[in-house]
Amino acid sequence: MHGCGNDYVYVDTMRHPIADPAKMAIAWSDRHKGIGSDGLVLIGKSPIPEADYSMRIFNADGSEAMMCGNASRCIGKYLYERKLTSKTKIRLLTLSGIKTLELHVSDGNVECVTVDMLAPVLEDESQFVSDRGLDIGTFVSMGNPHYVIFTDYIDQVGEMGRALEHHLAFPQRCNIEFAHVENDGRIRTRVWERGSGITQACGTGACATAVAAYLTGHASRTSDIIMDGGTLNIEWRESDNHVYMTGPAEFVFDGEIELPNPSIEK
């Protein structure tokens, strides 16, 4: 499945448990020798009553991420259209908290999904980043770390993304966004995702970009974020301080693959 081109392999672990998801993420994400994806997403039952389902996400390099906005929308579509739930509001447990998915359904199809991404965190790392000599952008955490740079040269993402991901200001590494405000007010953004490199889109990155745009006077509290693979609408509501992301989710194909390790349950 993909959300605005941000593509992942999804496994329903309620039917197919995966014993070594980090290893499988590396193998399956390979676009020449595997399936090809930005990473691996595991869909599971929630271990706590406050949520309906759970999500774990592993980047293409095998590292585990806290959250992925695009993947969460795809999970909502999967659960509803595969008739695992009839709910149009789904509580999804992630490593960065419980996210509420609101499914916009027409004729049984999920056309788009709005995700309550909760409140951004702006202060925990900002002074640390500044103290480490990096003052060109804005640090925003959306459950995972983002550094947003407004520039006329967003295509430097390929040249600068890897270096900034590993900058000493980010001991846990960081997602990097390069953004430019278009004449119509929309924000063109390119992203370097921690552990995956350049991706077609990043949901938490779009949220971080919208928050940074408001904080720096580039936009209002509602923004359309144009990424390589599509557009996401982001609203940072003043009423509850939460960030709401709305965008599409698409199936690409279903398939089967042999697991190289016979000890992994199929």
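Refer to the structure above for everything that follows.
From a predicted model like this one, the values you see are computed outputs, not experimental measurements.

Undergrad: Looking at this model, I keep getting lost on the nonpolar core. Mind explaining?
TA: Looking at soluble globular proteins, one finds that nonpolar side chains tend to be buried together. Counting 50 residues, the largest nonpolar core has Tyr-10 and Ile-234 as the members making the most contacts within it. No other element matches the 7 residues that helix α5 (residues 203–215) contributes to this core. In terms of nonpolar packing, the next biggest core, distinct from the first, is built from 12 residues, Ile-154, Leu-164, Ala-169 and Phe-178 among them.

Undergrad: Would you mind showing me how to read α5 here?
TA: Side chains of residues three or four places apart in an α-helix project in the same direction, reflecting 3.6 residues per turn. An ideal rise of 1.5 Å per residue puts 18 Å on 13 residues; α5 measures up with 19 Å between its terminal C-alpha atoms. Of all 13 residues that make up α5, 11 are buried, and the element is covered over most of its length. Within α5 the residues assigned to the buried category are Gly-203, Thr-204, Gly-205, Ala-206, Cys-207, Ala-208, Thr-209, Ala-210, Val-211, Ala-212 and Ala-213. Immediately downstream of α5, the backbone of Gly-217 shows phi near 80°, a positive value.

Undergrad: I would appreciate a short explanation of helix α2 (residues 69–81) in the present structure.
TA: A rise of 1.5 Å per residue sets the reference length of α2, with its 13 residues, at 18 Å; its end C-alpha atoms lie 19 Å apart and thus fit the reference within 8%. By the criterion of burial, α2 is predominantly enclosed, with 12 of the 13 residues buried. Here α2 has its buried residues at Gly-69, Asn-70, Ala-71, Ser-72, Arg-73, Cys-74, Ile-75, Gly-76, Lys-77, Tyr-78, Leu-79 and Tyr-80.

Undergrad: Sorry, what's going on with the environment of Phe-139 here?
TA: The residue Phe-139 is located in strand β10 (residues 138–141) in this model. A relative accessible area of 7% places Phe-139 in the buried class. Taking the C-alpha atoms as reference points, Phe-139 and Leu-122, separated by 17 residues in sequence, lie 6.6 Å from one another.

Undergrad: What is the right way to look at the side chain of Ser-29 in this model?
TA: Tracing the backbone shows Ser-29 in helix α1 (residues 21–29). Here Ser-29 falls in the buried class, since its relative accessible area comes to 6%. Separated by 3.2 Å, the side chains of Ser-29 and Ser-37 make a polar contact. Dropping the residues within four chain positions of it, Ser-29 is found in contact with Met-24, Gly-36, Ser-37, Asp-38, Gly-39 and Ala-60.

What counts as what
Every chain is numbered independently, its residues counted from 1 as its sequence is written. Restriction of local features to residues with pLDDT of at least 70 applies here, the model being predicted, together with a cutoff of 80 or more for giving and counting side-chain atom pairs; totals for whole chains, interfaces and linings are based on all residues. As a rule here, side-chain values come from all non-hydrogen atoms in the structure, and water together with hydrogens is ignored. By nonpolar core is meant a set of buried Ala, Val, Leu, Ile, Met, Phe, Trp, Tyr and Cys residues that side-chain atoms within 4.5 Å join together. For each residue, the accessible area found with a 1.4 Å probe, counting protein chains only, is set against the maximum for its type, and the residue is called buried under 20%, exposed over 50%, and partly exposed in between. Secondary structure counts use DSSP, requiring at least four H or I residues in a row for a helix and at least two E residues in a row for a strand, with both numbered from the N terminus. The span you would expect from a helix comes to 1.5 Å times its residue count less one. Polar contact criterion, stated in full: a pair of N or O atoms within 3.5 Å, where within protein one must be able to donate a hydrogen and the other to accept it, and residues adjacent in sequence count only if both atoms are side-chain atoms. Contacts: residue pairs with any heavy atoms within 4.5 Å of one another.

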